[in-house]
Amino acid sequence: MDTALRLRLAALLLAASSAAGAGAFPAQGGYGFDALKPTTTTCHRIAPQQAASITRCEFSPAGYAFGLASQYHRCDALPRGEVFIYQSPEKCQAALETMQSNGP
């Protein structure tokens, strides 16, 4: 599959996941980190290139990921990733630090 088509499909997937809940924010352009790489991941803006690697997202309008009440997207990403995406860099950083502090 060519890159342009993958980017279009990823944009459609992210738009559909964003429309799923009231008050949902777009995953692309949000701030996220890969929970499967707890020692090397950082919060970063989700760019179109990373969005193209996302295969599925679920929006949580009032979830408790890592014990914090917040809106977020939990997305599966290729080759092997679980990306949590927040609306702001501050919420992303708080979730990342909480996840890391509770790790092994």
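Everything that follows concerns the structure shown earlier in this document.
Attention in this report is confined to the structure presented alongside it. Just so it is clear, the model here is predicted, and its values are computed rather than measured. (Residues numbered from 1 in each chain as written. Predicted model: local features only at pLDDT ≥ 70, side-chain atom pairs only at ≥ 80, totals over all residues. Heavy atoms only, no water.)

**A short note on the overall build of the chain**
The secondary structure content of the chain amounts to three helices and five strands. Scanning the chain from its N terminus toward the C terminus, one meets helices and strands in the order α-β-β-α-β-β-β-α. The burial tally for the chain puts 38% of its 104 residues in the buried class. Sequence separation of at least 24 residues holds for 52% of the intrachain contacts in the chain that already meet a minimum separation of 6. If you sum the accessible surface of the chain, you get close to 5,900 Å²; carbon and sulfur atoms cover 58% of it. (Helix = DSSP H or I, 4+ residues; strand = E, 2+ residues; numbered from the N terminus. Buried < 20%, exposed > 50% of the residue type's maximum accessible area, 1.4 Å probe, protein only. Contact = heavy atoms within 4.5 Å. Areas by Shrake-Rupley, 256 points an atom, 1.4 Å probe, with all protein chains shown as cover.)

**Some points on the sheet that holds strand S5 (residues 81–86)**
In space, the five strands of this open sheet follow the order S2-S1-S5-S4-S3, with antiparallel pairing throughout. The open sheet has two free edges, formed respectively by strand S2 (44–45) and strand S3 (54–63), since each of these has just one partner strand. Note that strand S1 (residues 31–34) and S2 share two bridges and pair antiparallel. The residue bridging Tyr-31 from the neighbouring strand is Arg-45, located in S2. Lying on the sheet, helix H3 (residues 89–101) is in contact with S1, strand S4 (70–77) and S5; it crosses S1 at an angle near 20°. (Pairing = 2+ DSSP bridges. Axes fitted to C-alpha atoms, helices over the stretch in contact; angles between N-to-C directions.)

**Description of the packing of aromatic side chains**
All told, the structure shown has seven aromatic pairs when counted by the stated rule. Considering the side-chain rings of Phe-33 and Tyr-86, the 6.4 Å spacing of their centres and the 10° angle between planes classify their relative orientation as stacked. Of this pair, Phe-33 sits in strand S1 while Tyr-86 sits in strand S5; the two residues are 53 residues apart in sequence, bridging distant segments of the chain. Accessibility classification places Phe-33 together with Tyr-86 in one group, the buried group. Joined through ring pairs, the aromatic side chains of Phe-33, Phe-66, Tyr-72, Phe-84 and Tyr-86 make up one cluster. (Phe/Tyr/Trp six-rings, centres within 6.5 Å; stacked < 30°, edge-to-face > 60°.)

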